[in-house]
Amino acid sequence: MKRFSSHLVFLGVIMILMARPCLGQKFKFVIPPIDWTSGWAAGVKVSTTGPGIEGIKSINKNWNARIGFSLLPIHINQNIDQNNLGLAVDAWVRTGGVNLQADFHLSEWYYFTGGLWFNLLKADLDIQLSDAVDFGDISISPAQIGTFNVVAKPGSRISPYLAVGFGNPLPDKNRKFWFNVELGTWYHHKPRFFLDAAGMIEPTANIENEKALENNFKGFRFYPVFTIQGNYRIN
């Protein structure tokens, strides 16, 4: 026991002697300065969020900062057959948004990226019968039956984003042009639905049906993002 106590005392003396040179010194956390005059690039991308552009800034050899925008509006106007009923569907679907993210490069060809998207996801559908409905001698026109409108939006416009990338959004000084490919997803919470209707089917546009749709689609909380991007180093 005395030998163990002696070892503790000896160890304590050694630690005090080692700490003496540090006494009275002030420690500071230093952030390396960023050179804002160089390390800039511009990118053009094609993605599941639509065509877009990006600005890229090198922070240091491992980190890049990026800001971009993309948008893809799709218009669908067609007649479909559902349970022997002809339906005229007029739909606008939109994806895209503004992205703010940071890349961490494990090597020149491989990186992880993450950040936030202000997403512009939206689907707006107008549905109407394309043919009249006959009940014996009575014929009811599509206009009389009415139009049913469904609007779907993400639960949140601000979406966290994570992805893995190959290539480099910021070419090195020996290259002016370079490409990168990115595969990831953003999280937009469960979708929200808003219903509206006119004519005979107006009562179907109610809160109960909105909640039923939200429950049926509650698992659709992630949006896949696949991007191919070409970049030009400015300086």
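Criteria and cut-off values
Residues numbered from 1 in each chain as written. Predicted model: local features only at pLDDT ≥ 70, side-chain atom pairs only at ≥ 80, totals over all residues. Heavy atoms only, no water. Helix = DSSP H or I, 4+ residues; strand = E, 2+ residues; numbered from the N terminus. Pairing = 2+ DSSP bridges. Phe/Tyr/Trp six-rings, centres within 6.5 Å; stacked < 30°, edge-to-face > 60°. Buried < 20%, exposed > 50% of the residue type's maximum accessible area, 1.4 Å probe, protein only. Lys NZ or Arg CZ within 6 Å of the ring centre and 35° of its normal. Salt bridge = Lys/Arg side-chain N within 4 Å of Asp/Glu carboxyl O.

## Observations concerning unusual backbone geometry
Link 1 in the chain: Positive phi, close to 65°, is recorded for His189, a residue that is not glycine.
Link 2 in the chain: One can find His189 in the loop between β11 (177-187) and β12 (192-197).

## Re the pairing of strand β3 (residues 63-82)
Within a regular strand, side chains alternate between the sheet's two faces.
Link 1 in the chain: In this sheet, β3 lies alongside strand β2 (residues 52-58) in antiparallel orientation, the contact comprising 7 bridges. By the bridge assignment for β3, Lys57 is matched with Ala65.
Link 2 in the chain: In sequence, β2 turns back onto β3 through a hairpin of 4 residues.
Link 3 in the chain: Between the antiparallel neighbours β3 and strand β4 (residues 85-107) lie 2 residues, among them Asn83 with a positive phi of about 55°.

## Some points on the packing of aromatic side chains
To describe a pair of aromatic rings, you give the distance between the ring centres and the angle between the ring planes.
Link 1 in the chain: This structure, assessed with the given rule, holds 11 aromatic pairs.
Link 2 in the chain: Between Tyr110 and Phe112, the ring centres sit 5.5 Å apart and the planes meet at 70°, which makes this aromatic pair edge-to-face.
Link 3 in the chain: Note on Phe112: relative accessible area 40%, which makes it partly exposed.
Link 4 in the chain: Measuring from ring centre to ring centre gives 5.6 Å for Phe217 and Phe220, while their planes differ by 45°; the resulting arrangement is tilted.
Link 5 in the chain: Aromatic rings pair up to connect Trp117, Tyr161, Trp186 and Tyr223 into one cluster.
Link 6 in the chain: The ring of Trp40 has Lys57 sitting right over it, with the charged end atom 5.7 Å from the ring centre.

## Here we look at the pattern of salt bridges
Link 1 in the chain: Tallied over the entire structure, the rule returns 6 salt bridges.
Link 2 in the chain: Across the pair Asp103 and Arg66 runs a salt bridge whose closest N-O atoms are separated by 2.9 Å. Here Asp103, found in strand β4, pairs with Arg66, found in strand β3; they are 37 residues apart in sequence, far enough to count as distant.
Link 3 in the chain: According to the relative accessible area criterion, Arg66 is buried, its value standing at 3%.
Link 4 in the chain: With its nearest N and O atoms 3.9 Å apart, the salt bridge here joins Glu214 to Lys211. Of this pair, Glu214 and Lys211 both sit in helix α3 (residues 207-216), 3 residues apart, roughly one helical turn.
Link 5 in the chain: On the accessibility criterion, Glu214 (13% relative accessible area) is buried.
Link 6 in the chain: A network of salt bridges, in which partner residues are shared, links Lys45, Glu54, Arg66, Asp103 and Glu182.

The values reported here are purely geometric and, on their own, carry no functional implication.
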